[in-house]
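Analysis of the macromolecular model
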Amino acid sequence: MAKEQKISKTEHFGIQRKIVANMTTESWQNIPHVTYTYEPDVTEFMIEYRRLNADATPETKITVNTLMLKVIVEGLKACPAMNAWIEFDRKYVRGVINTLEEINISLPMVLPNGEMMTINLHNFENKNLDEMVEYIKDVNRRIEKTDLNEVMFDVSMDNTLTGLKQGKIKQTLQRVIGSKTGKHKVKTLSGKAKSEYYKIPETDRLTKHDIEQGSITISNIGSVYRNQRGAASLIEIIPPQVCAIAVGAIQDKPVVIVNENDEKEIAIRQVLPLTIVFDHRALDFGDIVPFIKCLDGIFAEPEVIHTWKQGGTDDVDMEQIKQEREEREEKYENAKKREKEKREAERAAEKAKREAEKAELKAKKEAEKAEAKAKKEAEDAKKEAEKAEAKAKKEAEEAKRKAEKEAEEAKKKAEKEAEDARKKAEKEAEEARKKEEEAKKKAEKEAEEAKKKAEREAKKLKEREEKAQKEIEKAQKEADKAQEKFEKAKAEAEKARQEAEKISQE
């Protein structure tokens, strides 16, 4: 059984989290997602972006987010199939795809309180960059006077009523119960506060029109953390939309390019990952190729972004911009040429190094050969020395054996002399032993006589001891009788004492 975990905080879903949870759950349950990560080289594009903002004030500055919205809008114009809604009845396998004229972008935005709300940016198909900037600025202005719970509840109720009209009675009842009862009740304005809030003109606050469903969702995850090094792998498609796009952060990456000699090489370039996710029921990969090709063209000739501002090219010398880009490209090509020359010099140096290593290896081999020869001669000399040493050793061994033989003969002679002396000594010892034996017999005889005498004395002593023992035993018997008398007298005295104590107690 799993150990129960301690909870540090419990937070019930608010209206914003309820909407997100409901829409994303429906997305994953019903939509077969296909994802593709597009990584264009935006090095030149970012140069033109900085030129675009060269004379801009903080109020008129165009952000990378706004510029990428415009880039994507241009791609959607080239690929209208991505700007569509789908209706599909799985039960009867019936479906309809409605391509939409308006490009209404559902853009998740981080609000001042840290929460996230998806705002519908309406009619971006006809807006230039300056108009986009003003639109987004106006949205941020109206957010400040908006009660988010109120506007999101309006959208939620609108969706609930739509479901009721479609016959989804059970779902409608469940939503009402979930939003109006218990700990999960959605808190909205009431009474005077609600009356005061709805007195604010709709031009100064967000309404359900501003957060209703768009035609496509674009999430700028790069703006959340600009130093990120990865890319989104998958994001959800919000039904009935058929496409969603995640814009990442600009990153330095090694990119394979083709130089002036049609050779592939690696260069460090700026790359902007875009994750394109589409509904496989409505689109195949081939259907989004026009979108990718359009973006390829924009990033290849990025001076086009200057035509997206108010007035188009009136204040911009497009030829000069194009010439400057070509000059940068030529400069880059020259840099690649110098890099090529550098590589060739490095290859020549490498070749010379290999030749030197080859010569060094040859000299090393010759030195090893000479060393082997000297080693052989040394080994031959060593063998001669070992031969002479063996001869001297043999002669020394012969001399040693001769000396050992002479020593052995001398030893035998000494042993013979020693044996003769031993025999003589043994003879003399035998004579001395005989004399000692005679003296021993004499001593034993004298000892036997002394022993017999001692035995007679001992017998007499024993008789005296036995007599004394009898007298001791007699005395012991008399002592025992006296002890019995003492014990008897002692018992009578004790009896008399007890009777005396009894009389005194009475």
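Observations regarding the pattern of salt bridges
Following the criterion strictly, the structure yields 19 salt bridges and no others. Between Lys70 and Glu74 there is a salt bridge, and its shortest N-O distance comes to 3.0 Å. Here the residue Lys70 and the residue Glu74 both occupy positions in helix 3 (residues 64-78), the gap between them amounting to four residues, near one helical turn. Here Lys70 and Glu74 have matching classes, each one buried. Across the pair Arg142 and Asp138 runs a salt bridge whose closest N-O atoms are separated by 3.0 Å.

Structural notes on unusual backbone geometry
Looking along the chain, the bond that leaves Pro239 and enters Pro240 is cis, with omega of 10 degrees. If you trace the backbone, Pro240 turns up in the loop between strand 6 (216-220) and strand 7 (243-247). A positive phi angle, near 50 degrees, is found at Val93, a position not held by glycine. When you line up the elements, Val93 lands in the loop between strand 2 (84-89) and strand 3 (94-99).

With respect to helix 9 (residues 289-300)
Owing to its 3.6 residues per turn, the α-helix aligns residues three or four sequence positions apart on the same side. Its 12 residues give helix 9 an end-to-end C-alpha distance of 16 Å, which sits within 8% of 16 Å, the value for a rise of 1.5 Å per residue. Those residues of helix 9 that fall on the buried side of the exposure criterion are Phe291, Ile292, Leu295, Ile298 and Phe299. Around the axis of helix 9, the buried residues are gathered within 120 degrees of arc, so they sit on the same side. Buried residues in helix 9 make contact with strand 1 (33-38), helix 2 (43-52), helix 3, strand 7 and strand 10 (274-279).

Some thoughts on the sheet that holds strand 10
Spatially, 1-10-7-6-4-5 is the arrangement adopted by the six strands of the open sheet, whose pairing is mixed. Sheet topology places strand 1 and strand 5 (116-121) at the edges, where each strand pairs with a single neighbour. Adjacent strand axes in the sheet meet at a mean angle of 20 degrees when their direction is disregarded. On top of the sheet, helix 4 (residues 129-143) reaches strand 4 (105-110) and strand 5; it is set at about 135 degrees to strand 5, its chief contact. Sheet strands touched by helix 9: strand 1, strand 7 and strand 10. Its angle to strand 1, the strand with the most contacts, is close to 15 degrees.

What about the packing of aromatic side chains?
On inspection of all chains with the given rule, the structure shows four aromatic pairs. Ring centres of Tyr36 and Phe285 lie 5.1 Å apart, and the angle between their planes is 70 degrees; this geometry places the pair in the edge-to-face category. Note that Tyr36 is positioned in strand 1 and Phe285 in the loop between strand 10 and helix 9, a separation of 249 residues in sequence. Where Phe45 meets Phe299, the ring centres are 5.0 Å apart and the plane angle is 80 degrees; that geometry is what we call edge-to-face. Of this pair, Phe45 sits in helix 2 while Phe299 sits in helix 9, and the two are 254 residues apart along the sequence. Cation over ring: Arg205 sits above Tyr197, and NZ or CZ is 5.1 Å from the ring centre.

A closer look at the packing of helix 3 against helix 9
Between two packed helices, what matters for the description is the angle formed by their axes and the separation of those axes. Where helix 3 contacts helix 9, the axes come no closer than 8 Å and their chain directions differ by 135 degrees. As the angle between them shows, helix 3 and helix 9 are arranged oblique. For helix 3 against helix 9, the interelement crossing comes out right-handed. Packed against helix 3, whose contacting residues are Met68, Val71, Ile72, Glu74, Gly75, Leu76 and Ala78, the element helix 9 presents Pro290, Phe291, Cys294, Leu295, Ile298 and Phe299 at the interface. The residue inventory of the contact of helix 3 with helix 9, partitioned by class, reads 11 nonpolar, one polar and one charged.

Conventions we followed
- Residues numbered from 1 in each chain as written.
- Predicted model: local features only at pLDDT ≥ 70, side-chain atom pairs only at ≥ 80, totals over all residues.
- Heavy atoms only, no water.
- Salt bridge = Lys/Arg side-chain N within 4 Å of Asp/Glu carboxyl O.
- Helix = DSSP H or I, 4+ residues; strand = E, 2+ residues; numbered from the N terminus.
- Buried < 20%, exposed > 50% of the residue type's maximum accessible area, 1.4 Å probe, protein only.
- Expected span 1.5 Å × (residues − 1).
- Arc of directions from axis to C-beta.
- Contact = heavy atoms within 4.5 Å.
- Pairing = 2+ DSSP bridges.
- Axes fitted to C-alpha atoms, helices over the stretch in contact; angles between N-to-C directions.
- Phe/Tyr/Trp six-rings, centres within 6.5 Å; stacked < 30°, edge-to-face > 60°.
- Lys NZ or Arg CZ within 6 Å of the ring centre and 35° of its normal.
- Parallel < 35°, antiparallel > 145°, perpendicular 65-115°, else oblique.
- Left-handed = near helix turned anticlockwise from the far one by under 90°.
- Nonpolar A, V, L, I, M, F, W, Y, C, P; charged D, E, K, R; others polar.

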